[in-house]
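Residues per chain are reported as follows:
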Amino acid sequence: MFRMYLIISSLKAAGLGEVSHSLWRNSKERMYFLLLLVFFASPVLAWLPLEDWGSGNVTSSVGESGQCICQVFLPDTTFPADRVESLQISSNKLTVDVELHINKLISFKGKVEILLQELSNLTIRLEVVESGPDKYIKLDFELLRIELREFEALVTELKVSLNSSSPAFDSLYNEIRNMSMIVDQLESYDRSNLEVIRIEFAKLQKKLEKCRDEQDDFSNVQIGSCKHEGILRVGKPVVSQLNANLHTGYIYGGWGKDTNPLSGSESMYWYSASTDAVVRYMSVYSDYYRLIMRQAMKTYDLYASSDWRGMGNNYIIRANTLYYQFANPFSMGRFNMTSQKAEYRVVPGASNRFSYHYYPNQILDFASDESGMWVTYATEASKGKLVLGKIDEAAFALSEVWETSIFKQSVTNAFMICGVLYATRSVDTKTEEIFYAYDTQTRQENYVSLPFEKFQDSYVSLDYNPTDQKLYMYNSGYYVSYNVKFKSA
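Everything in this summary refers to the structure shown in the same document.

Rules and cut-offs
- Residues numbered from 1 in each chain as written.
- Predicted model: local features only at pLDDT ≥ 70, side-chain atom pairs only at ≥ 80, totals over all residues.
- Heavy atoms only, no water.
- Helix = DSSP H or I, 4+ residues; strand = E, 2+ residues; numbered from the N terminus.
- Contact = heavy atoms within 4.5 Å.
- Pairing = 2+ DSSP bridges.
- 1 Å grid on protein atoms, 1.4 Å probe; cavity = no way out; pocket = protein on both sides within 12 Å on 5 of 7 lines; lining within 4 Å.
- Points joined across faces, edges and corners; volume = space filled by probe spheres on them.
- Nonpolar A, V, L, I, M, F, W, Y, C, P; charged D, E, K, R; others polar.
- Disulfide = S-S within 2.5 Å.
- Buried < 20%, exposed > 50% of the residue type's maximum accessible area, 1.4 Å probe, protein only.

Remarks on the side chain of lysine 257
Thinking step 1. Within the secondary structure layout, lysine 257 lies in strand β5 (residues 252-257).
Thinking step 2. For lysine 257, the residues in contact, after removing those within four places along its chain, are Glu266, Met268, Tyr269, Trp270, Ile317, Asn465, Asp468 and Tyr472.

Here it is in structure tokens:
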């Protein structure tokens, strides 16, 4: 039973006082008014059908204070409020689920767009791979496979999330499988391990390029011939290896080949080094391989039976004889490795006060070329300027002398080619320069500029060998050599 009391005075306070007695002139008008009041007073009653209202009773009376009291009696019908509440909850939940799925679809839409773009890029890459066997490498195949697996995983995730079996997914799967088969087929073409072949081919190509560059530096003049106009350029340094003592502390020394070998010794190499400027041991090797393997054929000791030791670093071997700076007395000496006997000769006017620029005790510098044996030094009379002497090998004495205009201590080293003296100086830590040439035939000197690369910033010996037209340098304990190219006559 629903019961409601309407207070007319309250209606008056709300501005509705004019409805008082005139509104109640007949019962029909009273009924309409009460129905309106009940309708607006109770939201719950708004859910009842209008015809159900007719089964109730409405009575009215006047209170003690003149108020109109209305009593409405409604049927005892229970309103399904729990069902309405359940319906509202379900509606809210459904709204949230729909929003989640919409957001998920938006997210997967972005992923699909990225996937399609990557698939397009992958298709382009596959077309490049298919265009020729020379445009792929092993890494490309692995990257393609990884990307294809990522695509497949993304399609699977999308399919599960959407709980769909759309033909679009099947199409994507088929496209990925087809692309995987193409990758496998392309790689199967590599039956002879083309990748290894291509790597080896690249190495070979580099070797050929290096060989071509070195060939360009090779001498263009017949061995032993002087039909040229001097040095055109010096090639790049060829570093053979660290010295036979396997120690960079052996900075004083030299290496090379016999400049006028005896029969049967054309392939012989020699090496000598020390941690100081004393010359005592000389090792010879039957060929270059034995030199590299440090397998000396014989080692000579200049202090074995007598004190034949030397000083400095600028020694050479010619005709199986070592020419070097004798230590005591200060003189030029030679040691015959066949007879194992030594002798020395004092060089007239030679001073032991003037050395080369890099190291001390480089007083006498021996050289050999196509025309014979030479020695450079300085005298007090020349005021330290470089002097060149030609050695008569039979008499072991100087046969002729030339004085130059260059100060010896400004020179880093010197060598002879076809009767021409070439002197070097340092440009920087990596560059050396042949800056001076003196022709003993014409007695003409020239300042030139023939830079070449150094292995290390300083070195102790540099000599020319006419048997192979190479320069041999001993640089900070390493064997270094250079090819020489000449100007055409």
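With respect to the sheet that holds strand β10 (residues 310-318)
Thinking step 1. Spatially, the five strands line up as an open sheet ordered β7-β10-β11-β12-β13, and their pairing is antiparallel. Edge positions in the open sheet fall to β7 (278-279) and β13 (341-345), since each of these has one partner strand only.
Thinking step 2. As defined by bridge partners, β10 adjoins strand β11 (residues 321-326) across five bridges and the pair is classed as antiparallel. Within the sheet, the bridge partner assigned to methionine 311 lies in β11 and is glutamine 325.

Considering empty space enclosed by the protein
Thinking step 1. Considering all chains together, one arrives at three cavities of 30 Å³ or more under this definition.
Thinking step 2. Quantified by volume, the largest cavity comes out at close to 50 Å³.
Thinking step 3. Only β5 and β22 (461-465) provide two or more residues apiece to the lining of the largest cavity.
Thinking step 4. Class assignment of the residues belonging to the lining of the largest cavity gives a composition of five nonpolar, three polar and two charged.
Thinking step 5. Estimates place the volume of the second largest cavity at around 40 Å³.
Thinking step 6. If you trace the second largest cavity, you find it lined by Gly254, Trp255, Trp270, Asn313, Tyr315, Ile316, Ser461, Asp463 and Tyr472.
Thinking step 7. Mapped by element, the contributors of at least two residues to the lining of the second largest cavity are β5, β10 and β22.

Concerning the state of the cysteines
Thinking step 1. Enumeration over the complete set of coordinates arrives at one disulfide.
Thinking step 2. Here cysteine 226 connects covalently by a disulfide to cysteine 418, the sulfurs 2.1 Å from one another. Of note, the bridge from cysteine 226 to cysteine 418 carries an S-S torsion of about -90° and is left-handed in sense. With cysteine 226 in the loop between α7 (194-217) and β3 (228-234) and cysteine 418 in the loop between β18 (413-417) and β19 (420-426), this residue pair connects regions lying 192 residues apart in the sequence.
Thinking step 3. Judged by relative accessible area, cysteine 418 falls into the buried class, the value being 16%.

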